[in-house]
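Below are the chains, spelled out letter by letter.
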Amino acid sequence: MLIKNNYPGYKVQVIFNGIEYIDDNKRQNVINLEFGLTGEKFIFISLARVSEEKGIFFMIDAAEKLLESRDNFAIVIAGYGPHFEKARATVKERRLDNYILMPGYRDDGDTLLRSANCFINASSTEALSFAILEAMGAGLPIIATNVGGNPDIVNQSTGCGITVPYNDSEKLCAAMKNIMDDKALSGLMSANSRKAIK
């Protein structure tokens with residue numbers, strides 16, 4: 001609009017949504033305590049409406065593949081929506097209920113983010129994901145589908161995560177393994193998330 005009205009383009013800059021920056025000293029262990037997780041679990045988290053476009057079933061497929069090679073993980077899908085019961089039934093049917101935790105809608109997303117190791121956005125469509133920005137503010141590495149505005153914030157320049165094609169559970173599983181196994185990479189992405197969001 002500004003440029004259309006002859007305002008100089010070089011003076012225009014996009015400012016993404018502002019979010020709270022979570023200090024690293026505020027890390028918590030709420031997920032382990034609330035869900036009774038034992039041992040050293042790597043915790044993935046997704047804050048999403050449980051609806052078709054959010055890629056929940058594609059995430060479930062990736063978790064099933066991941067379980068073929070390791071069992072030291074949990075995925076928390078915090079949200080509710082029209083496919084919630086179907087998704088929960090799918091998790092139970094595939095015997096993944098010890099690995100995929102679906103607590104429904106939560107109003108303490110920031111607390112959950114402080115307890116996780118990596119954020120997943122598996123959407124088929126996205127504008128600018130506020131949840132990704134919040135996860136970056138919590139210093140989490142990001143795995144996101146390369147759709148919509150996701151590549152604007154998760155890319156080589158920010159270095160805060162990995163993008164994968166939508167509905168490619170093999171690639172999503174590979175990205176999850178990569179972040180779980182490569183602690184140096186995960187640490188770098190975590191630092192880059194914080195740096196990018198500041």
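Because the structure is predicted, anything quoted here is derived from the model rather than measured.

(A) Geometry of the pairing of strand S1 (residues 42–47). Of all six residues in S1, five are buried, a share of seventy percent or more. Here S1 pairs with strand S2 (residues 73–78) via six bridges, running parallel. The partner of Ile 45 across the bridge, within S2, is Val 76. Two strands pair when backbone bridges link them, and S1 and strand S4 (residues 118–121) are joined in this way by two bridges, in the parallel orientation. Bridged to Phe 44 within S4 is Cys 118.

(B) The arrangement of the sheet that holds strand S3 (residues 100–104) in detail. Strand order in this open sheet of six strands is S3-S2-S1-S4-S5-S6, and the pairing throughout is parallel. Edge positions in the sheet fall to S3 and strand S6 (161–164), since each of these pairs with one other strand and no more. Each adjacent strand pair in this sheet contributes to an overall mean axis angle of 20 degrees, direction not counted. Bridging between S2 and S3 involves three bridges; their strand directions are parallel. Directly across from Ala 78, in S3, lies its bridge partner Gly 104.

(C) The arrangement of the nonpolar core in detail. Grouped together as the largest cluster of nonpolar side chains are 34 residues, with contacts concentrated most on Phe 44, Ile 75, Ile 100, Ile 143, Leu 172 and Met 176. Of all the secondary structure elements, the ones that give two or more residues to this core are S1, helix H2 (56–66), S2, helix H3 (84–93), S3, S4, S6 and helix H7 (169–181). For this core, the element with the highest residue contribution is H2, accounting for seven residues. Ignoring any residue separated from it by four or fewer positions in sequence, one finds Phe 44 in contact with Leu 66, Phe 73, Ala 74, Ile 75, Val 76, Cys 118, Ile 120, Ile 143, Met 176 and Met 180.

Here is what the cut-offs are and how they apply
Residues numbered from 1 in each chain as written. Predicted model: local features only at pLDDT ≥ 70, side-chain atom pairs only at ≥ 80, totals over all residues. Heavy atoms only, no water. Buried < 20%, exposed > 50% of the residue type's maximum accessible area, 1.4 Å probe, protein only. Helix = DSSP H or I, 4+ residues; strand = E, 2+ residues; numbered from the N terminus. Pairing = 2+ DSSP bridges. Axes fitted to C-alpha atoms, helices over the stretch in contact; angles between N-to-C directions. Core = buried A, V, L, I, M, F, W, Y, C linked by side-chain atoms within 4.5 Å. Contact = heavy atoms within 4.5 Å.

Just geometry here; none of it tells us what the structure is for.
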